[in-house]
Each structure stands twice: as structure tokens, then as C-alpha cells.
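Each chain, letter by letter, is given below.
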Amino acid sequence: MYALVDCNNFYVSCERVFAPQLEGRPVVVLSNNDGCLISRSDEAKALGLKMGEPYHLVRPLLEQHQVRVFSSNYALYGDMSRRVVQVLGTFAAGVEVYSIDEAFLDFRGMNLLAPDLMKYGRELRETVIKHTGIPVCVGIGPTKTLAKLANRLARRQRTTGVLVLATPAECEAALAQTAVADVWGIGRRYARKLLEMNIDTGAALAALPEPWLRRHLGGVVGQRLWRELHGQPCLDWNPAEWDDDGTQLSPGPASRHSVTCTRSFGRPQHEAAVLAEAVATFAAKAAVKLRRHGLAAHLVTVILGTDRYVPTAGPATRTAVVNLPDATSDTAVLTQAALRGLRQLARPGVAYHRAGILLSGLEPMGQVQLGLFSAPAADQQRRQQLMTTLDALNNRYGRPLVQLAAAVGVKSSAGQPLAPAWVGRSAHRSPRYTTGWNELWTVH
């Protein structure tokens, strides 16, 4: 058996942990640059607010109903997600992090430890709330697809928030309640195709012969889906790795093809120094992601974008690719490559609205293919140790304490870095309660 644990309205729930007076009130969280709605409380959903609606269009409605608005606080959300996953690790032999607010648990072979899965799911849910303050729903089924389905239906059960699909009859009943478009693995194109054939529920899909799904739904993908719906596990299991003290070492699925860091600017930028600072910052963030996943990159792609809604002489988004002689996760090397790409791209006098870095051509960090003129192994070992120390310092103090000069920008008269000119709007951001010493929760 597998379980899928999903945090309810996760970003809103994180804000409510540190502002409990918001319970029962409508709350929304905005995307980067305060652009659109990306998380809504149940009370906000009841007002008719939709996911992805532009903030400037719904602002009058938000003010009319006194909806509390927050800017994205990803430092807080990421740390709260880590805490939730750490609690989940005490309930199962394996945890696979699916997204920032979802994780699969491996319940195989736990018959003696948890003979009553409904009771075990409730205990799990209560423990997560007690230790983190985050409400979750738990779906349990014989496959990951059926666990995902059970989780979707568990959201409707306000009393328990837990649903177990243990028997074929329970699975069939759950599939009958589920629209075919809501079955995990059925995208928009396949959903339209199935609806045209009068296949409108998960039960109708599961009732079809296995060869039919193989022929009409992508070959082996359709075959795997049919078997998953019939209780036969077919999907890969990619557990997170844990240290002896319960600390998560890796976030689960390791089959990455690229690492990205992109942002929209708070206001258009055209100065070369400001663009260089932004690109250097994004390169450093992407490098940290690489090292966290134990990867190294061969290709650095720099992205610059103008206002896509204003006619220009060329495309709104331009890219430059820099090929590295050796795959690396060294922040300095990746930043130098990114700045070379920026110099190729940036055009004088053009106002840019967004920028980003994409790292690809990934290899496992310990298995990099070296070239004839690569640096000696001792030098590479020292550089790797430097990056390890840099990450340890920044992790310990909860902010980029040690950075390359290219990413620091202008400082105040007191020597403190000023907010970068390119930084996105975040007029409603809450403090980073759990990751910044200067923003710790204050109890009055």
C-alpha cells in the first residue's frame, strides 16, 4: 500500500501557523512579483477567487471582503515543507517528495505495524498538525495512482481528511466518483479524446481492456495506467535519503534534466550593472540547487525577456548558451559563464522585464568526464571543499552570508547590502520566521 499526503492550501497554511488569528478568514498568497493568486484559503475560494487570477484585477474584490493578502515567502514555505517531510519520515519506511506540498509514503510490509490503516492515517495527520501546524489530507491505496485518487476524495471529508482504498470494491467506487480528467496521468489532450468517446469517469476508463489503453493512450504509458488503476504498482519509487538524525539529505526523484532560476523584475531594467547583478544572483541560486542534488552542468543558458505585450523588433525572450569544457557545480565558474552569456545578449537601451539561468547537460558530480586540459584533481578538490563550506555557512545562518561580489550589488553607508534594483515586488511578504535570525517570530 502507498499513501499520498497533501498539505491543504499549503502557502496559506504556512502563513496561518504564525498568524493563527487568520483562521476562518479569507487569505490569498501571490506569485513572484505580486503578479497573480497562487494559493487561496477555503474562505477565499468561496468568494469566487480563482487560481492564477491577476492581482490587479481582483484587488477591488479582495479589499471589499477584507481578504488578507501575502506575497510569496518561499524561504518560509520551503522550510515548513522540510519539517512536514521530516515528520512523515517517522511513519513510513520510504518517503518520496512529489512537490513542495505533496509526498508519497511507502506502506508496503507494514501490516504488523499498522493493521488499521484508517487509524494510522488519522494518527499521521494529527501528528503533522501537532508538530508543524500544517493541516494535511491522506489518501491510501494499493498503487500510487489510486493513493492520489484517494487523496483527492479525502479532501471532501472535512471530518477525518483520510481515505483508504483497500479492496477492489472501494477502488471501483472511488473511480466511479472521479471524472476521467481528474485521473492522475490523464492530461487535457487525452481527457478531450476520452470524453469524445463517452468515457467520462475513472471507472469507465478502468473497465476498458488493457490493449485498448496501450493503443490509444501512449503505448506503455497507457498500459501502466491501466495496471495502476487495477491495483498493480508500476510506477517507479524514488525515496528521499535521510541521515541518522532524521535530516533529509536528498529530495527524492533524481532524474533531473535541468535546473533553472528565473525571476521577473519589480520594474524594467536596462543598466548593464543591474542586469549582471541579477544574472549572477540567479547563477548562484542555480548552483546551490545543483550541489543539493549532487549534479554538475555542462551548459549554461542565459535568458533575458522584454515586455511580451509590447511590440518589439524581435522576440520577447532571447537566450544565449555557453558550453563549459568540464561539467561543474562551482558557483564562480557558472557565474563567469553566465556573465559571458549576458554580454552576448544584452542590447544597449533595451528595458528588460525578466531574466534567468538554465543549467543543463547534467552529470552526477562524482562521475564528471574531465578533459585533457582540466585543472589538477587537487585543485578541483579544493574548489569543491570551498563550495561545501560556502553552503554550510549559508545554511547555518539562513541567508546568503557568503556571496560572490558580482551578486552583492550596492551597499549602504553602514556597509549593509541594499535591496537590489531588480528585485521583484513583495509588498505583503511575511517575515522568514524559521530561516532568518533577524526575522524570528516575536511573542508579545
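Residues numbered from 1 in each chain as written. Predicted model: local features only at pLDDT ≥ 70, side-chain atom pairs only at ≥ 80, totals over all residues. Heavy atoms only, no water.

1. Some words on the layout of surface pockets
Then, number 1: Counted as a void, the second largest pocket has a volume near 1,000 Å³.
Then, number 2: Put simply, the parts of the chain that give the lining of the second largest pocket at least two residues each are strand E1 (2–7), helix H1 (10–17), strand E3 (37–40), helix H2 (42–46) and helix H6 (144–154).
Then, number 3: Residues of the lining of the second largest pocket, tallied by class, amount to 15 nonpolar, nine polar and 15 charged. (1 Å grid on protein atoms, 1.4 Å probe; cavity = no way out; pocket = protein on both sides within 12 Å on 5 of 7 lines; lining within 4 Å. Points joined across faces, edges and corners; volume = space filled by probe spheres on them. Helix = DSSP H or I, 4+ residues; strand = E, 2+ residues; numbered from the N terminus. Nonpolar A, V, L, I, M, F, W, Y, C, P; charged D, E, K, R; others polar.)

2. What about empty space enclosed by the protein?
Then, number 1: Counted by the stated rule, this structure contains one cavity of 30 Å³ or more.
Then, number 2: When its volume is computed, the largest cavity comes out at roughly 60 Å³.
Then, number 3: Lining the largest cavity, in full, are Val5, Cys7, Phe10, Ser81, Val84, Val85, Leu88, Ser99, Ile100, Asp101, Glu102 and Ala103.
Then, number 4: Going through the elements one at a time, E1, helix H4 (74–88) and strand E6 (102–106) are the ones with two or more residues in the lining of the largest cavity.
Then, number 5: Residue contributions to the lining of the largest cavity peak at four residues, all from H4.
Then, number 6: Considered class by class, the residues forming the lining of the largest cavity number eight nonpolar, two polar and two charged.

3. Regarding the packing of aromatic side chains
Then, number 1: The full count for this structure, using the stated rule, is 10 aromatic pairs.
Then, number 2: Geometrically, the ring pair formed by phenylalanine 10 and tyrosine 11 is tilted, given 6.0 Å between the ring centres and 50 degrees between the ring planes.
Then, number 3: When its relative accessible area of 3% is taken as the criterion, phenylalanine 10 is described as buried.
Then, number 4: Taking the relative accessible area as the measure of exposure, tyrosine 11 reaches 15% and is therefore buried.
Then, number 5: Between phenylalanine 104 and tryptophan 184, the ring centres sit 5.5 Å apart and the planes meet at 35 degrees, which makes this aromatic pair tilted. Highlighted residues: phenylalanine 104 in strand E6 and tryptophan 184 in the loop between helix H7 (168–176) and helix H8 (188–196), separated in sequence by 80 residues.
Then, number 6: Against the face of phenylalanine 104 rests lysine 144, its NZ or CZ located 4.9 Å from the ring centre. (Phe/Tyr/Trp six-rings, centres within 6.5 Å; stacked < 30°, edge-to-face > 60°. Buried < 20%, exposed > 50% of the residue type's maximum accessible area, 1.4 Å probe, protein only. Lys NZ or Arg CZ within 6 Å of the ring centre and 35° of its normal.)

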